[in-house]
Structure formats: structure tokens, C-alpha cells
Amino acid sequence: MKKKIGSVTLFFAGWLLLYFNLGYLTDSIVYSIFQLAKDSPLTAAIYFFIYEVPKVLLLLTLIVFVVGIIRTYFSPERTRKMLGGKRQFTGNVLAAMLGIVTPFCSCSAIPLFLGFIESGIPLGVTFSFLISAPMINEVALVLLFGLFGWETALLYMSTGLIIAILSGYFIGRLQLERYVEDWVYTTKAVGIEIMEEHFTPADRLNAGVEAVKDIVGKVWMYILIGIAVGAGIHGYVPENFMASIMGKSAWWSVPISVLLGIPMYSNAAGIIPIVQALLEKGASLGTVLAFMMSVIGLSLPELIILRKVLKLPLILTFVGVVGTGIIIVGYLFNFIY
Amino acid sequence: MTIKVIGPGCMNCETLAKRTTEALQHLNIDASIEKITDIQKIASYGILRTPGLAVGNKVISQGRVPTVSQIEELLTSYVA
């Protein structure tokens, strides 16, 4: 344990040193070592890439590590217990918030859905959880914070929460239980004993390290490609190029962005850097926000998985309600900013 | 004795099955591995996260892929 604390401390020291000297380091690499001309589009693109890649990866490593540790305190089993017996609305709020901190992977969407419904948690409350858990995740938040700033990250998180709460509440009020596959209500886990996991402090640290290996190992390629494309846009696409396509004046851009976002899924990590570059070239914040929420929150593979437990009308209602929520958020921000 | 690897057949489930086989060999336990991939059957194990690992009616791990040595530890404490 002592050795582990030592290496974690060492890691943080190196982290801080690197993170707060990134601007200086990039300056020296770009202007002193390679002696690139200032003001050329190529230099702008290279500078963007050399600066943003380590910044985002550093932030991601740190946050994923911390979240990995926090998540050892929030198992889905505990979340289910906390949601049991909660009323509509209170339950929706709690479910949406727990969705942020409870470990979730879309491959577990079905067992989780079944487990919640079986233990008597209302359909709408379950949906609040299922909407918030994938949409508000640490990877998206880190990228938003690193590339857009904390205001946008906070905006994304709060509007995401509101969408999860209200969509779940709305789905609950519609009383769509009949569109859940019949066997869901009859299957019961009988005679099964589930062993609880016990975490020692060393286990929690390990969980953080494992999360970094797993998540950063999976998304770093997408981030690299995304930032490379973003750097190209940053250097070469003319100012205001996106204004006519994704700008405020194009009213249809919000719903189109949401529709385009549904089939894009695994590339969430790569899409945010691209979208950030588009924002600079005249795309509007509301449209961009709507696009990202749709990419991350509404995913086709997950919908296909959910079809095994939900009948089509319920899936369509789910997409319709969440999609409408995202569109409203998009228009709202285009209106405000 | 049968050890069950519970999950729809994603990468994690495959890795878990492979590591469990390895752990069984290390421990010299004669057991077969059964993969539970059917959604309804997965539900009947009451787990909220995949992949799950079960010995008899005891779910000994879920939602993660333990290392070979961790699986050995789990197996020795629950199989005996």
C-alpha cells in the first residue's frame, strides 16, 4: 500500500509539472525546435495538435482515475437499493444523479434494466437512470472541459440531467408498462446468492488504475484522430464557413444534428474535438450541444440491445422524448447565445 | 462441478472465460465452464452487470474481469 501511495504521489507531481507547462513546451517545440513560421495555417494546425493531445489525455487520465475510485463506492446494487420505494419525480431526480456516478457500460444495459424493473423500480425512474448514465460520462465531460472550458462542461451536465429527469418522468406518466416484453415481469432470480464485494483501500486505488487502463486504452485513438481532424479544420477551414450549415440562422440544423447523432456512437471521444473546431468556424453552441448529446446519449447499438426487452412503441417513445428534449436544449442555447 | 460465465458474449465475457479456464488449471480443479448467453437466463441470475461468474447458485463476481490470480482466490474461497 505504501509503495502504491508513493507511485500515485509521484504520478501527480509529474502530472502537475507537465500540465502547467504545456503552453511553454508547445511554444518551444513549434517555434524553437521546428522553427515553424507564425501565422501559417500549417503552424496553427500543428500547434493545436501538439498542445491539445497531451492536455486532453492528461485531464482524461486524472479524471478517469478519480472517477474509478469514486465508483467503488457506488455499485449498481446500491443504486438500486437507494431507488427502491422512491416516488415519481423524486425518484427521477435521484436516478438521473446516480446515473452519473454509478458504473455503467452499454453492454450491461439489459441486466441493469431487468434488475431495476424486477425489484419494483418504476419504468420512468429506470429510464431516467438509463438516459443519464451513458449521456453524462467522465470522458465527455473531460473533453468538454479541456476543449470548451468549464462553462460548457457544466452546461452539458446540467441540461443532460434535466433531460434525463424530465424524459423519465414523462415516460413514467405515459404508463407504457405494457410495452415491456412480458417475460421481464415473470422472470425472477430464485435461489441465487450474490456475494458482495469488499474493497480495501488498496483495491480502490487499483480500481482507479484499472479504469485508466481500460478507458484511456480504449479511447485514446479516437481522441488522437478527432484532434487531428480538428487541427486540420482549425488551420485550414475559413472563418464562418460553418455559419450557414450549423449556424443560428439555419433553423433546421438542430433537428438534423440530432438525427445524424443517433447512428454515431463509439466515436463520441473523437467527435467532440471535431465539433469544437466547427464551433470556432461559426457553428452555434446550441446546435453543437444538441449534436453531442445525441451522439452520446442516443445510440443505435444500445437501442438495438434494448429491443430485446422493450417493444418497438416504447423504444420509439424513448427516442422521441429524449430527442425532443435535446432539440429544445439546442434551440434554447441558440436563442440565449 | 460447473462454473458459469454469465454474459451475452461480449469481449469481456470471452476474456473472463479464458482466464477462468487458466485459473482452474493452476488450481488443478476439475470443472467445466458453461457460458450463459441467453438474456432470459442471464436475468434469472439476478446480476446487474455483466460479465458475471457463478459457482453453483453463488454469483462470486460481476461487472468486471478479475485477473487470473483474483479468480484463483475467488474460486478457492467458494469452491472448497
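Residues numbered from 1 in each chain as written. Chains lettered and ligands numbered in written order. Predicted model: local features only at pLDDT ≥ 70, side-chain atom pairs only at ≥ 80, totals over all residues.

Asker: Can you tell me about the overall build of chain A, naming the residues and giving the values?
Answerer: Across its full length, chain A holds 17 helices and one strand. Expected size for 337 residues packed as a compact globule is a radius of gyration near 20 Å; at 22 Å, chain A falls within 12% of this value. Overall, the C-alpha framework of chain A stretches about 70 × 60 × 30 Å when taken along its three principal axes. In chain A, which comprises 337 residues, the share counted as buried stands at 40%. Look at the contacts in chain A between residues 6 or more apart in sequence, and 87% of them connect residues 24 or more apart. (Helix = DSSP H or I, 4+ residues; strand = E, 2+ residues; numbered from the N terminus. Rg over C-alpha atoms; globule rule 2.2 N^0.38 Å. Buried ≥ 20, exposed ≤ 12 C-beta atoms within 10 Å, placed from the backbone. Contact = placed C-beta atoms within 7 Å.)

Asker: Which residues make up the pairing of strand 3 (residues 52-55) of chain B, and what are the values?
Answerer: Residue and element names in this part refer to chain B. Bridge analysis of strand 1 (residues 2-6) against strand 3 gives four bridges, and the strand direction is antiparallel. Its bridge partner being in strand 3, Ile3 is matched across the sheet by Val55. Examined bridge by bridge, strand 3 and strand 4 (residues 58-62) share four bridges and lie antiparallel to one another. Following the sheet pairing, Leu53 is matched in strand 4 by Ser61. What sits between the antiparallel neighbours strand 3 and strand 4 is a turn of two residues, in which Gly56 has the positive phi angle 60°. (Pairing = 2+ DSSP bridges.)

Asker: Would you mind going over the interface of chain B and chain A in detail, with residue names and values included?
Answerer: At the junction of the two partners, chain B supplies 18 residues and chain A supplies 20 residues. Among the secondary structure elements, those contributing two or more residues to the side of chain B that touches chain A are helix 2 (39-43) and strand 4 of chain B. Per-element tally for the side of chain B that touches chain A: the top contributor is helix 2 of chain B, with four residues. Looking at side-chain class alone, the side of chain B that touches chain A contains ten nonpolar, six polar and two charged residues. Sheet analysis places strand 1 (residues 193-194) of chain A next to strand 4 of chain B, joined by two bridges and oriented parallel. (Nonpolar A, V, L, I, M, F, W, Y, C, P; charged D, E, K, R; others polar.)

Asker: Give me the nonpolar core: which residues, what numbers.
Answerer: Residues A:Phe113, A:Leu143, A:Ile272 and A:Met292 are the most contacted members of the largest nonpolar core, which totals 100 residues. Ignoring sequence-local partners within four residues, the contact set of A:Leu143 consists of A:Val56, A:Ala269, A:Ile272 and A:Pro273. (Core = buried A, V, L, I, M, F, W, Y, C linked by C-beta atoms within 7 Å.)

Asker: Explain the sheet that holds strand 3 of chain B to me, and be specific about the residues and the numbers.
Answerer: The pairing of strands in a sheet comes from backbone hydrogen bonds and takes either a parallel or an antiparallel form. Spatial ordering of the open sheet is given by 1(A)-4(B)-3(B)-1(B)-2(B), a layout of five strands whose pairing is mixed. A strand with exactly one partner marks an edge of an open sheet, and here the two such strands are strand 1 of chain A together with strand 2 (32-36) of chain B. Packing of helix 1 (residues 11-27) of chain B onto the sheet brings it into contact with strand 1, strand 2 and strand 3 of chain B, and relative to strand 1 of chain B it is tilted by some 160°. Contacting strand 3 and strand 4 of chain B, helix 3 (residues 68-79) of chain B crosses the sheet at an angle of about 165° to strand 4 of chain B. (Axes fitted to C-alpha atoms, helices over the stretch in contact; angles between N-to-C directions.)

Asker: An account of the packing of helix 13 (residues 253-261) of chain A against helix 15 (residues 285-297) of chain A is needed here, citing residue identities and associated values.
Answerer: Residue and element names in this part refer to chain A. Across the interface, helix 13 lies against helix 15 with an axial gap of 7 Å and an inter-helix angle of 20°. It follows that helix 13 is roughly parallel to helix 15 by the angle criterion. With respect to the hand of their crossing, helix 13 and helix 15 are arranged in right-handed fashion. On helix 15, the residues touching Ser253, Val254, Ser257, Val258, Leu260 and Gly261 of helix 13 are Gly286, Thr287, Ala290, Phe291, Ser294 and Val295. (Parallel < 35°, antiparallel > 145°, perpendicular 65-115°, else oblique. Left-handed = near helix turned anticlockwise from the far one by under 90°.)

Asker: Explain unusual backbone geometry to me, and be specific about the residues and the numbers.
Answerer: Trans peptide bonds make up the majority, and among non-glycine residues the majority have a negative phi. With omega at -5°, the peptide bond leading from B:Thr50 into B:Pro51 counts as cis. Positive phi values are uncommon outside glycine, yet A:Asp39 reaches one of about 70°. Among the structural elements, A:Asp39 can be located in the loop between helix 2 (22-33) and helix 3 (41-70).

Asker: How would you explain the environment of A:Leu141 if you had to name every residue and give the values?
Answerer: All names here are of chain A. Position of Leu141 relative to the elements: it lies in helix 8 (residues 138-148). By the C-beta count within 10 Å, which is 22 here, Leu141 ends up buried. Each C-alpha atom of the pair Leu141 and Ala250 lies 27 Å from the other, and the pair is 109 residues apart in sequence. The residues touching Leu141, leaving out its near neighbours within four places in the chain, are Ala153 and Met157.

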